[in-house]
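Inside the fold
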Amino acid sequence: MHILWIKTELLHPVDKGGRIRTYQMLRALRERHQVTYLTLDDGSAAPDAAEKASEYADTLVRVPFRSAPKRSARFWGELAMNLGSRLPYAVAKYKSPGLTRAIHRVLQDGSVDVVVCDFLAPSLNVPDDLGVATVLFQHNVEAEIWRRHFEVRSNPLARSYFRRQWRRMERFEREECRRFDRVIAVSEPDAELMRNVYGVPDVAAVPTGVDTEYFSPSGRVPREPRHLVFTGSMDWLPNEDGIRWFVNDILPRLKALVPDVRVTIVGRHPPDAIRALAGTDPAVRVTGTVPDVRPFIESAAGFIVPLRIGGGTRLKIFEAMAMECPVVSTPVGAEGLPVRDGEHLLLAESADDFARAAADLLLKPAEAGAMAQAAAALVRTSHAWNRVAEEFAALCQPVPDLMTSPLTARSE
């Protein structure tokens, strides 16, 4: 099968959840299928990103693109211009006629069997007249992320902005999910929402995977008994919100139970507000970008996922489980994963409950260790990437009804 895979970015550095999932999926798919990787390229990827694309694609096609850096003058200008648009800004900023033309060029020779649009954002560039099977790979229900942003905001202006973006995203996402021949979600709850709320006629789910060979304890890094760790891209708003909530609301409660607790926040591009947290509390350390997250996870007595906003599934939880590190998460953080509270991890929603659960990981190491072993067994037996890729490929197989069904035109 020849797959045309459409994306908004090159994958290196492979340092955030969406890139990791795509990278691992494509590496496994390439073992049996041909992959053409078509992407926007704004020059922000690693210097060797194009060269390293050979790790996950047979052919790379890049479309030059100019994006606005976050918090730059152009970024704020685009946000202001977007106030009058029907499109959510998170999608509108990726509009590229060049990408649309490139899709047509790649399809000209008739060798492509299926087009996969990876994430919702590039879908606005996928035309309606392809004449080939089309799949929308949804790592999240994007509207749910924006709804939760709205719900946790207290500033009236911020609430108004996020509510408007949520509603725009909900409308756009519904239309796009129904426009493609098939939608593949990353969890059954996401698939059910798209089916029942969006009315998507053909939607299925593939499980979340983890590289169980890479994420495996080395045995050379000792556990630090009062050490908690968080990993995640700190330029992603849900992670930033979760860490702010943890440090400001949960950590003081946790210190009352475990006075000598320490927390390390590991992740790329932390904004100044996150870096400042380390300056106000000596128990908090912010690393910024690191070459390898595994030593930080292996050294910790517990892994925290204090997310209040999110969609899809969190790869970081399976990575911590594969490293045999006990996990405490909010229900939102563990959403969509086949895990059970008290058996594979601890779930806690309020600040009080989260602090008590984190304290249990630190003060009851035998129980926490048994839970971590059960979690590691779960991911090693059922969630390796090659197994996930096989399921994904089966859902992409061009069957007759997909091959003859053109995209339904979106409303403008």
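Look a little higher up for the structure.
Just so it is clear, the model here is predicted, and its values are computed rather than measured.

**Side note on the pattern of salt bridges**
Tallying each qualifying case throughout the model produces 30 salt bridges. Residue Asp 41 pairs with Arg 62 through a salt bridge whose shortest N-O separation is 3.3 Å. Pair noted here: Asp 41 is in strand S2 (residues 34-41) and Arg 62 is in strand S3 (residues 59-64), with a separation of 21 residues, a long-range link. Note on Asp 41: relative accessible area 18%, which makes it buried. Residue Arg 62 is classed as partly exposed on the basis of its relative accessible area of 46%. Between Glu 240 and Arg 244 there is a salt bridge whose closest N-O contact spans 3.3 Å. Note that Glu 240 and Arg 244 are positioned in helix H9 (residues 237-257) at a spacing of four residues, about one turn of the helix.

**A closer look at helix H13 (residues 351-363)**
For H13, built from 13 residues, the straight-helix expectation of 18 Å at 1.5 Å per residue is met to within 8% by its first-to-last C-alpha distance of 18 Å. Packing partners of the buried residues in H13 comprise strand S8 (224-231), H9, strand S11 (300-305), strand S12 (327-329), strand S13 (346-347) and helix H14 (365-382).

**Topic: the nonpolar core**
Leu 4, Ile 6, Leu 38, Ile 103, Leu 107, Val 115 and Met 194 are the most contacted members of the largest nonpolar core, which totals 38 residues. Listed by contribution, the elements that provide at least two residues to this core are strand S1 (2-7), S2, helix H5 (97-107), strand S4 (114-118), helix H6 (142-152), helix H7 (156-179), strand S6 (182-185) and helix H8 (188-196). Other than its neighbours up to four places away in sequence, Leu 38 contacts Leu 4, Trp 5, Ile 6, Lys 7, Val 61, Val 63, Leu 99, Ala 102 and Ile 103. Among the nonpolar cores identified, the runner-up in size contains 33 residues, and Trp 245, Val 263, Val 284 and Ala 359 belong to it.

**Quick notes on the environment of Ser 85**
Assignment of secondary structure puts Ser 85 in the loop between helix H3 (73-82) and helix H4 (89-92). Judged by relative accessible area, Ser 85 falls into the partly exposed class, the value being 25%. The spatial distance from the C-alpha of Ser 85 to the C-alpha of Pro 13 is 32 Å, given a sequence separation of 72 residues.

Criteria and cut-off values
- Residues numbered from 1 in each chain as written.
- Predicted model: local features only at pLDDT ≥ 70, side-chain atom pairs only at ≥ 80, totals over all residues.
- Heavy atoms only, no water.
- Salt bridge = Lys/Arg side-chain N within 4 Å of Asp/Glu carboxyl O.
- Helix = DSSP H or I, 4+ residues; strand = E, 2+ residues; numbered from the N terminus.
- Buried < 20%, exposed > 50% of the residue type's maximum accessible area, 1.4 Å probe, protein only.
- Expected span 1.5 Å × (residues − 1).
- Contact = heavy atoms within 4.5 Å.
- Core = buried A, V, L, I, M, F, W, Y, C linked by side-chain atoms within 4.5 Å.

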